[in-house]
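Residue-level listing of the chains:
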Amino acid sequence: MMHRALRRMVALEDYFEDEETRRAYSYDASGAEGLPAVIVRPRHNEQLRRILVHANRYKLKVIPRGSGTGTRAGAVRKDALIIDMRGFDTITRLDTQLHTVDVGAGVTVAALARALEKKGYHFPLVPANSVATIGGLAATNHVTEESQLFGDWNDLVERAESFDGLGRFHTSKGKELDKVLGKEGTTGVLVTLRLKITKQRARTLDVFEVDNPSAALSHVERLSHMRGVLSIEYLDAAASQLLGLDKEEHLLVAYTSDAGGYKDIVKVESLLAARKRLTSTLWSQGYTHEIEASLEEEQIERFAARCKQAGQPCYGHIGLGIMLTAAKDTKAAESFRNGLVSIGAMVGGKHGYGRLLHDYVPDQVRKDVRKLKEERDYNEVLNPGVIV
Ligand SMILES: Cc1cc2nc3c(=O)[nH]c(=O)nc-3n(C[C@H](O)[C@H](O)[C@H](O)COP(=O)(O)OP(=O)(O)OC[C@H]3O[C@@H](n4cnc5c(N)ncnc54)[C@H](O)[C@@H]3O)c2cc1C
């Protein structure tokens, strides 16, 4: 009865309650599982609005979903109504004067890159996974290596259109963006984003051999006074080897200018691409449980020591204070994360918290989202179990 009404709100080919499709939507890249009740794929605002109004009436649990590449179980929940946002797949208004483009939340990273490349532009934050959607990335306020220069999604979204949990439409700009970006679909469903784009430029690179993370940090201090530093990545000996470097610790510094010693475009791009693939490369070697931490400078050396002790790789956006490692199973990952908490480090900070890292959400973040939910989703239909 509840679902029969939903069937009339989208086209027949955009409504699914069959077992096979429900199974296909029952997991994401985190490996968590939960068989949803029904999946709908709206293609325009009015369809989405009606779905959300209906969900409120019957208190259905609604999960907005992009491509399901999230590694934090944010887009999976048993018995939920999944809203597959990939129907919002248009790219419009590429403005070469203002350097902006309007992008549907369901557009994939690959599709956006293709459209922008034709005009000599790109979106500066480049995630490792090209099937992820723009909505999923903005919802998790995804940080990449390039965030060193360009910041996060709050810095690169000029305007966001969304529907809140009650089906009300919002256009957010400036400070208001904070109410939906990075909130992992708990306060609204993103439909269209106006993104700031930049002209494509050739990149150069420096590769410094370092003795330890502290030595890397003294480079970071020097680099912080330079213009055009695109990314600053630390790699321990194991991670370095996977990039084809010597078995030493390294600092990889990319520039949007010709400041770097490596200028051969093929070599530069291949090293940067290998860095981008590093999480996947480690995954294929059995390190399937990525762990990220936002660290104060004085905690970075301790993080690296803990990785060494656990026999895990150590790498990451050292210039941003975000370091990464990966464990081979859930138990090892949990024990590592708990060890981080015991040294006062913040677990997370790069890919969202989802359901997987629910226990690690900082109190202030939880408090802020609770307050926003009172305003935007007081029936608590949107992504329950995530953040709050
Ligand atoms: C091999 C691999 C490598 C990866 N590497 C990286 C990496 O280097 N850096 C990184 O940051 N991430 C990485 N990821 C994680 C992933 O690409 C991102 O987390 C991405 O944000 C997920 O996008 P998605 O479209 O698949 O979203 P989903 O997984 O479908 O959803 C993610 C979250 O966003 C919410 N959401 C989705 N769409 C919307 C919307 N329109 N409105 C509101 N909420 C929405 C969902 O409810 C969920 O909470 C990697 C994943 C894999 C599998």
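Asks: Which residues make up the overall build of the protein chain, and what are the values?
Replies: Helix and strand content of the protein chain: 14 helices and 18 strands. Taken against the 2.2 N^0.38 rule, which gives 21 Å for 388 residues, the C-alpha radius of gyration of the protein chain at 21 Å falls within 12% of a compact globule. On the principal axes, the C-alpha backbone points of the protein chain span a range of 65 × 50 × 35 Å. A buried classification covers 47% of the 388 residues belonging to the protein chain. Of the contacts made within the protein chain by residues no fewer than 6 positions apart, 69% connect residues no fewer than 24 positions apart.

Asks: I'd like a rundown of the packing of helix α8 (residues 213-223) against helix α12 (residues 297-310), residues and numbers included.
Replies: Direction vectors running N to C along α8 and α12 enclose 145 degrees, while the axes themselves pass 9 Å from each other. Once α8 is placed against α12, the crossing between them reads as right-handed. On α12, the residues touching Pro213, Ser214 and Leu217 of α8 are Glu297, Ile300, Glu301 and Ala304. Residues belonging to the contact of α8 with α12 are distributed by class as follows: four nonpolar, one polar and two charged.

Asks: I'd love a proper account of the site of the ligand, names of residues and values included.
Replies: Around the ligand, the surrounding shell holds 38 residues, and the nearest of these are Gly66, Gly70, Gly74, Gly135 and Gly136. Elements with a minimum of two residues in the shell around the ligand: β3 (62-65), α5 (134-139), β10 (189-196) and α11 (278-284). If you tally residues by element for the shell around the ligand, the top one is α5, at four residues. Each residue belonging to the shell around the ligand can be placed in one class, and the counts come to 14 nonpolar, 20 polar and four charged. Shared between two domains, the shell around the ligand holds at least three residues of each, these being domain 1 (2-86) and domain 2 (88-199).

Asks: Give me the sheet that holds strand β17 (residues 322-327): which residues, what numbers.
Replies: Strand order in the open sheet formed by seven strands is β12-β14-β13-β16-β17-β15-β18, with antiparallel pairing between adjacent strands. A single partner strand is all that each edge strand has here, and the edge strands are β12 (204-210) and β18 (346-347). The pairing of strand β13 (residues 229-235) with strand β14 (residues 249-255) spans six bridges and is classified as antiparallel. Bridge assignment links Ile232 to a residue of β14, and that residue is Val253. The sheet strands contacting α8 are β12, β13 and β14, and the helix crosses β13 at an angle near 175 degrees.

Asks: Mind laying out the environment of Ala11, listing which residues take part and the relevant values?
Replies: By secondary structure assignment, the location of Ala11 is in the loop between α1 (2-7) and β1 (15-16). On the neighbour-count criterion, Ala11 (13 C-beta atoms within 10 Å) is partly exposed. Taking the C-alpha atoms as reference points, Ala11 and Ser240, separated by 229 residues in sequence, lie 50 Å from one another.

Asks: Requested: an account of the sheet that holds β1, with residues and values cited.
Replies: Strand order across the open sheet formed by four strands is β1-β2-β4-β3, with mixed pairing between neighbours. Where the open sheet ends on each side, the last strands, each with one partner, are β1 and β3. As judged from the three bridges shared by strand β2 (residues 38-40) and strand β4 (residues 81-84), these two strands associate in the parallel manner. Across the sheet, Ile39 pairs through a bridge with Ile82, a residue of β4.

Rules of the game
- Residues numbered from 1 in each chain as written.
- Predicted model: local features only at pLDDT ≥ 70, side-chain atom pairs only at ≥ 80, totals over all residues.
- Helix = DSSP H or I, 4+ residues; strand = E, 2+ residues; numbered from the N terminus.
- Rg over C-alpha atoms; globule rule 2.2 N^0.38 Å.
- Buried ≥ 20, exposed ≤ 12 C-beta atoms within 10 Å, placed from the backbone.
- Contact = placed C-beta atoms within 7 Å.
- Axes fitted to C-alpha atoms, helices over the stretch in contact; angles between N-to-C directions.
- Left-handed = near helix turned anticlockwise from the far one by under 90°.
- Nonpolar A, V, L, I, M, F, W, Y, C, P; charged D, E, K, R; others polar.
- Near = placed C-beta within 6 Å.
- Domains from an automatic or database assignment.
- Pairing = 2+ DSSP bridges.

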